[in-house]
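# Breakdown of the fold
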Number of protein chains: 2
Amino acid sequence: MAKEVTNKEDNYSKWYNDLVVKADLAENSAVRGCMVIKPYGYAIWEKMKADLDRRFKETGHQNAYFPLFIPKSFFSREAEHVAGFAKECAVVTHHRLMNDPDGSGVVVDPSAKLEEELIVRPTSETIIWSTYRNWIKSWRDLPILINQWANVVRWEMRTRLFLRTSEFLWQEGHTAHATSAEAVAEAERMIQVYADFARDVLCMPVVVGRKTASERFAGALDTYCIEAMMQDGKALQAGTSHFLGQNFAKSFDVQYTDKEGKQQYVWATSWGTSTRLMGALVMVHSDGRGLVLPPALAPIQVVMVPIYKSDAERSSILERMGLLKKEIETAGLSVKIDDRDNLRPGFKFAEWELKGVPVRLAVGPRDLASGEVEMVRRDTMDKVQVPQNALALRLVELMEEIRKNMYAKALSFRDSHTYRVDSWDEFRKKIEEGGFLLCHWDGTPETEARIQELTKATIRCIPLDSFVEKEDGVDMLTGKPSHQRVIFARAY
Amino acid sequence: MAKEVTNKEDNYSKWYNDLVVKADLAENSAVRGCMVIKPYGYAIWEKMKADLDRRFKETGHQNAYFPLFIPKSFFSREAEHVAGFAKECAVVTHHRLMNDPDGSGVVVDPSAKLEEELIVRPTSETIIWSTYRNWIKSWRDLPILINQWANVVRWEMRTRLFLRTSEFLWQEGHTAHATSAEAVAEAERMIQVYADFARDVLCMPVVVGRKTASERFAGALDTYCIEAMMQDGKALQAGTSHFLGQNFAKSFDVQYTDKEGKQQYVWATSWGTSTRLMGALVMVHSDGRGLVLPPALAPIQVVMVPIYKSDAERSSILERMGLLKKEIETAGLSVKIDDRDNLRPGFKFAEWELKGVPVRLAVGPRDLASGEVEMVRRDTMDKVQVPQNALALRLVELMEEIRKNMYAKALSFRDSHTYRVDSWDEFRKKIEEGGFLLCHWDGTPETEARIQELTKATIRCIPLDSFVEKEDGVDMLTGKPSHQRVIFARAY
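Source: prediction; values computed, not measured.

Next up on the list: the sheet that holds strand β5 (residues 91–94) of chain A. Taken together, six strands build an open sheet; the order of strands is β4(A)-β8(A)-β5(A)-β5(B)-β8(B)-β4(B) and the sheet is antiparallel. Across the chains shown, the open sheet's two edge strands, defined by having one partner strand only, are β4 (69–71) of chain A together with β4 (69–71) of chain B. Within the sheet, the average angular offset between the axes of one strand and its neighbour, ignoring direction, is 45°.

Below, the structure written as C-alpha cells:
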C-alpha cells in the first residue's frame, strides 16, 4: 500500500486519525486544537456545503453574515447559554501588539486593552438576537429565516480532527417566528432536512429524535437531533435543531406588534451542522484500504490508471483515455487520469483506494485491443471487464448503485448492532460491546446521570420516527414505569 | 421614494452609507467596527464568490482552510510583516470566563491565561507558510496553488461599511513555486483574473499596475493591484496580488530539493479580494434612486409589479405574470413577482430601484389586453412597451446590453476624470477636484511622501497595461527625470 494505515480492529481511534491524515483530509495545525483542512478534505466539505445550502434555500432560507466577536455582556444575558459556553471560549482582550521594550519580538500593548472583552463566537444566538431586535417591529417582519456559514471557536481540551476541534466550520440557522407552533414546525422541518441529507448524500442512516433535558442545547426548550452509528458501535450526533422558545427574545427584548396591535415576544429556532460531518463520513464507510466516499461527495468520482510497458503503449492508452474521459464528463461525472510516469499502477491503485474514489478504471494494451476497460468499484472492490462503448452510461448507473449499496451496508451494520435491552445486567455487558441499546427509562435526569456515571453511556435521543414502536415498560435500573424506549450508547 | 437617501452631490459619504443601509446590504453591528451583512447584500457577495471561485479553479487552484488564530511568535518572524500588522490586531489572551466573584455577570478567568497569545488572523501568510514547511520536500511537491475563503480581522479605528471594517470576508490565495519566474508569472496571472472579473462581472473599469515600494504589502517584493475610480473621483484599490520572493520561505525555513538534489528556498505569492468589492460596486454604479446592479450580480434580475384596481384584475394579471415568470426563468434569469397587496405600485417601483434590480416589468389591465408589458431598465431608466411573446429572449439580450452599458458609462466617467498633469500648480488645483492625475514622478519615496503630505494624494499604481503609453518626462515637483507617468489620486 501507498501509505501504512493502522488496522481498524487493532486501534479504531488511531485508524481514524491515520485515514484523515493520510488521505489528505486534514491535519493538526501549529495552533492547539485547530486543524488545517487540506484541499482534498475541503473539496468534500464544499460539496456538503453546496448540497445543504441548496436544501436551505429550497426551504425558504437566506444566508447572511454576523460578527465573529460577541461582547461579553451579550454573551451573559441568557443565563443557561452562558453557563453552557463560558468555560470554553476564546477571549479577545487587546487590540494591538508593540515591540518588546526589553529586546526582540513583540508583546501585547497594555495600553490597548479593550473596555469590554470580546468573545470569539462559539455560536451566534446572542449577537444575532441583538440584531433581530432592530429588524423586527411588526408581524409583517416575520418569519425571519436566516442561515450563516461561519467558523466558530469552542476551546476544547481534548481534540480530534473533525470530531472535536477548537475551531470548526459550520452553518447555523437562526429563525424568528410569530408563534410557538411555527417555531416548533421549523425546528422539526430542519432536522428532517438534515436527516434527508445524511441519508441521501452521506449514505448514512440516522435516527431522528429529541434530546433529554440534560442533553439539550444551552438555552433551548427542546433539541432535535440526528444520531448515527459509527463502525465501533459508538454514536455520533450529526446535526441538531433547537426550539428556543422565547428565551432569546426575552433576553434581548425582541417583540413584535401582532395583527391585533398587541406586543408579543418572538419565538426562535436555531439549527446547525459542522465539519464534524466529515468525521462521521470517514467513520461510517471507511475500511482497511482507506476512505469509501459516496459518489455525491467524491471530488474525483472516476480515476483512470493507464497500464503500459512502452512509451508507445502509454501514448496510445492515454489517447484513448482522453476520449473516454470526455464522454464520462459529458455524462456529468468528474474524472481524473492518473498519468504520473514515476509511479507503478499498484501504487496508484492503493492511493486512490485510500482516497476513496468510487470507481477506478484501468486500461492496458489488451483492453485497448478488446475495446474494454477494467472497472473496480471502491465500495465492494468488485472487479469487472466492461466495454468501452456505453461506458459513461454504465458509470452513471453504477454511481447510483454505489450510493444505495453504501447506505444499505451502513444500515445493516447499524441494525445488527442495535439491541433491545431490558435488564441492568445485560445493559452493563452489552454497553461494553458498543451499539445502540433500546431501553426503557423512567424519564428522570437522576437515573440518566446515574447510568452515565456507571457506564459512560448517555441517552442519545428519544426517537421521533418509526425507529422503535411505542410500548410501555419499566426502567431497567429503577423499575419505574416508562412509555417508550430510548437509545442509550457511548458517543463521540 | 420608499426610503429617503441623501443626495449624492450634497454629501457623497452619507449618500454611500444611506444606500448600503437602506438597500439592505449591510449595517453596523453592536461590535465596534464589525458589520452585519444582510441577506440581500450577502446574496450579491455569494455571486461574486461563486464567479471568482470558478476563475480560481479554472486556473488550477484548490481551496483549503487554515486556522483563525496565529501564535504571536509566528506573526513576528517576518519583520516587515509584523511591522505592517501589529498595530491593528485582535489578541486572544484567555480561554475561559467565570462567574464574577463580586456578584452578577461573568468575568475573564485569570487562571485561564494562554501561555502564548493568539492573534486573530489579519492575513494568513505566517500560519500557511508554517504549514507548507511540512508539505514541501521535493520539486515534485511544487507548485502549491491554494486559495482560502475566510474572515480576517484588522482593528480599524475609523470604519465604513464594506470599505473598512475590523472584520471582513475575503479570499486569500497562497502559492508556492520552484522558481522566481514562476512566482512572478502567478502573481501577474492572478491580478489579470481580478481585472477580468472586475470588468466583466462588476462592470467596473480598472487599471492594472504595480505599487510603489512604500505602498507594497508588508513582506512583499512586488505588489500588483487593480485600481478603480469611484464617482467622487477617488480611487479604490479593488484587489492585490503579491510577489513575496523567498521572504516567508526563509522565515519559516521552507526548502525543497531540486532536480539536481540541491536544497532551495521556495518562492511565494499571495493575492486577495474582499467584501470591499461590495463598496466599490455601490460607489461605481449607483445613482440618486439607489443601487444599479450588474445583471451577473443581481440576486433578482427581473421584478414584476402588477397594476390593478379590482381583485379580478389582480388575479388575472398575476396569473399571466406567473406564466411569463416561468418562461423567463427557463431562459436562465431570476424573477420575482411583487404581489404584496398592502403597497402601491409607485412604492414598489421605488423600492426595487433602490435595490438596483436591472429590469422592472409592470403589467396592468391595458397591457393584459394588448399582450404587452411595460419594461424599465434600471441603468438608463428607459421605459418601453414590449410584446409578451419572446419577452424572455428580449430580457436575456437586454441583460447583456445593460452589462455593456454599465461598463461603458463607468469607463466614460473614468476617462473624463483622468488628466495628464505636468506642473505642480496644476496638480494642487486638480487634486482638489478628484480624478486620476497622470504625472511624471522621479521614482523616490521622498518625493512620493512629500506629495502625500502636501495633498493627501498617493501613487495608486505604476500602470502595467496600455493605460498610458511610456514616455520620458520630468517630476513635476523636483524636476528630476522620469520614464513613465504614474497615477496619483486620493483614495479610499
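After that view of the structure, there is still more to cover.
Residues and elements named next belong to chain A. Per the stated rule, a full pass over the model turns up 74 salt bridges over all chains. The partner of Asp253 in a salt bridge is Arg133, and the shortest N-O contact between them spans 2.9 Å. Highlighted residues: Asp253 in the loop between α7 (247–251) and β14 (255–257) and Arg133 in helix α5 (residues 125–135), separated in sequence by 120 residues. By relative accessible area, Asp253 is classed as partly exposed at 34%.

To continue, consider the packing of aromatic side chains. If you walk through the whole model with that rule in mind, you get 34 aromatic pairs over all chains. Between Phe168 of chain B and Trp170 of chain B, the ring centres sit 5.9 Å apart and the planes meet at 85°, which makes this aromatic pair edge-to-face. Note on Phe168 of chain B: relative accessible area 12%, which makes it buried. By relative accessible area, Trp170 of chain B is classed as buried at 10%. Among the aromatic side chains, those forming a connected cluster through ring pairs are Trp45, Phe56, Trp149, Tyr194 and Trp271 of chain A. The positively charged end of Lys234 of chain A is found above the aromatic ring belonging to Tyr492 of chain A, 4.3 Å away from the centroid. One residue, Lys355 of chain A, lies across the ring of Tyr40 of chain A, its end atom 4.7 Å from the ring centre.

A few words now on the domain arrangement of chain A. All names here are of chain A. Partitioning chain A into domains gives domain 1 (12–285), domain 2 (295–401) and domain 3 (418–489). Between domain 1 and domain 3, the buried area comes to about 1400 Å², and carbon and sulfur atoms account for 62% of it. Between the two partners, domain 1 and domain 3, sit one salt bridge. Between the two partners, domain 1 and domain 3, sit seven residue pairs in polar contact (both at pLDDT 80 or more). Counting residues per element, the ones that place at least two in the side of domain 1 that touches domain 3 are β11 (207–210), β12 (222–229) and β13 (235–245). When its residues are assigned to classes, the side of domain 1 that touches domain 3 shows seven nonpolar, five polar and six charged.

Below, the discussion takes up the side chain of His242 of chain A. Residue and element names in this part refer to chain A. For His242, the location among the structural elements is in strand β13. Assessed through its relative accessible area of 6%, His242 is described here as buried. Only 3.4 Å separates the side chain of His242 from the side chain of Thr240, close enough to count as a polar contact. When residues no more than four places from it in sequence are discounted, the contact partners of His242 are Ala187, Phe217, Ala220, Asp222, Thr223, Ala268, Thr269 and Ser270.

Our next topic: the sheet that holds strand β17 (residues 302–306) of chain B. Residues and elements named next belong to chain B. With respect to topology, five strands assemble into an open sheet ordered β18-β17-β19-β20-β21, the strand pairing being mixed. Each of the sheet's edge strands pairs with one partner strand only, and the pair in question is β18 (335–337) and β21 (383–387). For this sheet, the mean angle separating the axes of adjacent strands, direction not counted, is 25°. The sheet contact formed by strand β19 (residues 359–363) and strand β20 (residues 372–377) spans four bridges and is antiparallel. Bridge pairing in β20 places Leu361 opposite Met375. Helix α9 (residues 311–330) contacts β17, β18, β19 and β20 of the sheet and is inclined by roughly 170° relative to β17.

The next subject is the interface of chain A and chain B. Taken residue by residue, the interface counts 61 residues in chain A and 61 residues in chain B. Taking both partners together, chain A and chain B bury about 5000 Å²; carbon and sulfur atoms supply 68% of that area. Remark: the boundary between chain A and chain B carries two salt bridges. Between Glu46 of chain B and Lys57 of chain A there is a salt bridge, and its shortest N-O distance comes to 3.1 Å. Across the chain A-chain B interface, the total number found is 28 residue pairs in polar contact (both at pLDDT 80 or more). Residue classes in the side of chain A that touches chain B are distributed as 38 nonpolar, 10 polar and 13 charged. Summarising the sheet, β5 of chain A and strand β5 (residues 91–94) of chain B pair through three bridges and their orientation is antiparallel. Its bridge partner lying in β5 of chain B, His94 of chain A is registered against Val91 of chain B.

A general trend in soluble globular proteins is that nonpolar side chains are found buried together. Membership of the largest hydrophobic core comes to 96 residues, with the highest contact counts inside it found for Phe69 and Trp129 of chain A together with Phe69 and Trp129 of chain B. Apart from the residues lying within four places of it in its own chain, the contact partners of Phe69 of chain A are Val92, Leu118, Ile119, Val120 and Ile127 of chain A together with Val31, Cys34, Ala90, Val120, Val153 and Trp155 of chain B.

In this section: the packing of helix α1 (residues 12–22) of chain A against helix α8 (residues 276–285) of chain A. All names here are of chain A. In the contact formed by α1 and α8, the axes pass within 11 Å of each other and the chain directions differ by 115°. As for how α1 packs across α8, the hand of that crossing is right-handed. Across the interface between the two elements, Tyr12, Trp15, Tyr16, Leu19 and Val20 from α1 touch Gly279, Val282 and Met283 from α8. Residues belonging to the contact of α1 with α8 are distributed by class as follows: seven nonpolar, one polar and no charged.

Once that is clear, we can look at the packing of α9 of chain B against helix α12 (residues 391–416) of chain B. Helices that pack against each other are described as a pair by the angle of their axes relative to one another and the distance between those axes. All names here are of chain B. Axis separation between α9 and α12 bottoms out at 8 Å; the angle between their running directions is 50°. Our classification of the angle between α9 and α12 gives oblique. Crossing angle aside, the handedness with which α9 passes α12 is right-handed. Contacts between α9 and α12 involve Leu324, Glu327 and Ile328 from the former and Leu391, Ala392 and Leu395 from the latter. Grouping the constituent residues of the contact of α9 with α12 by class yields five nonpolar, no polar and one charged.

Calculation notes
- Residues numbered from 1 in each chain as written.
- Chains lettered and ligands numbered in written order.
- Predicted model: local features only at pLDDT ≥ 70, side-chain atom pairs only at ≥ 80, totals over all residues.
- Heavy atoms only, no water.
- Pairing = 2+ DSSP bridges.
- Helix = DSSP H or I, 4+ residues; strand = E, 2+ residues; numbered from the N terminus.
- Axes fitted to C-alpha atoms, helices over the stretch in contact; angles between N-to-C directions.
- Salt bridge = Lys/Arg side-chain N within 4 Å of Asp/Glu carboxyl O.
- Buried < 20%, exposed > 50% of the residue type's maximum accessible area, 1.4 Å probe, protein only.
- Phe/Tyr/Trp six-rings, centres within 6.5 Å; stacked < 30°, edge-to-face > 60°.
- Lys NZ or Arg CZ within 6 Å of the ring centre and 35° of its normal.
- Domains from an automatic or database assignment.
- Buried area = accessible area lost by both parts, 1.4 Å probe.
- Polar contact = N/O pair within 3.5 Å; in protein donor to acceptor, adjacent residues only side chain to side chain.
- Nonpolar A, V, L, I, M, F, W, Y, C, P; charged D, E, K, R; others polar.
- Contact = heavy atoms within 4.5 Å.
- Core = buried A, V, L, I, M, F, W, Y, C linked by side-chain atoms within 4.5 Å.
- Left-handed = near helix turned anticlockwise from the far one by under 90°.
- Parallel < 35°, antiparallel > 145°, perpendicular 65-115°, else oblique.

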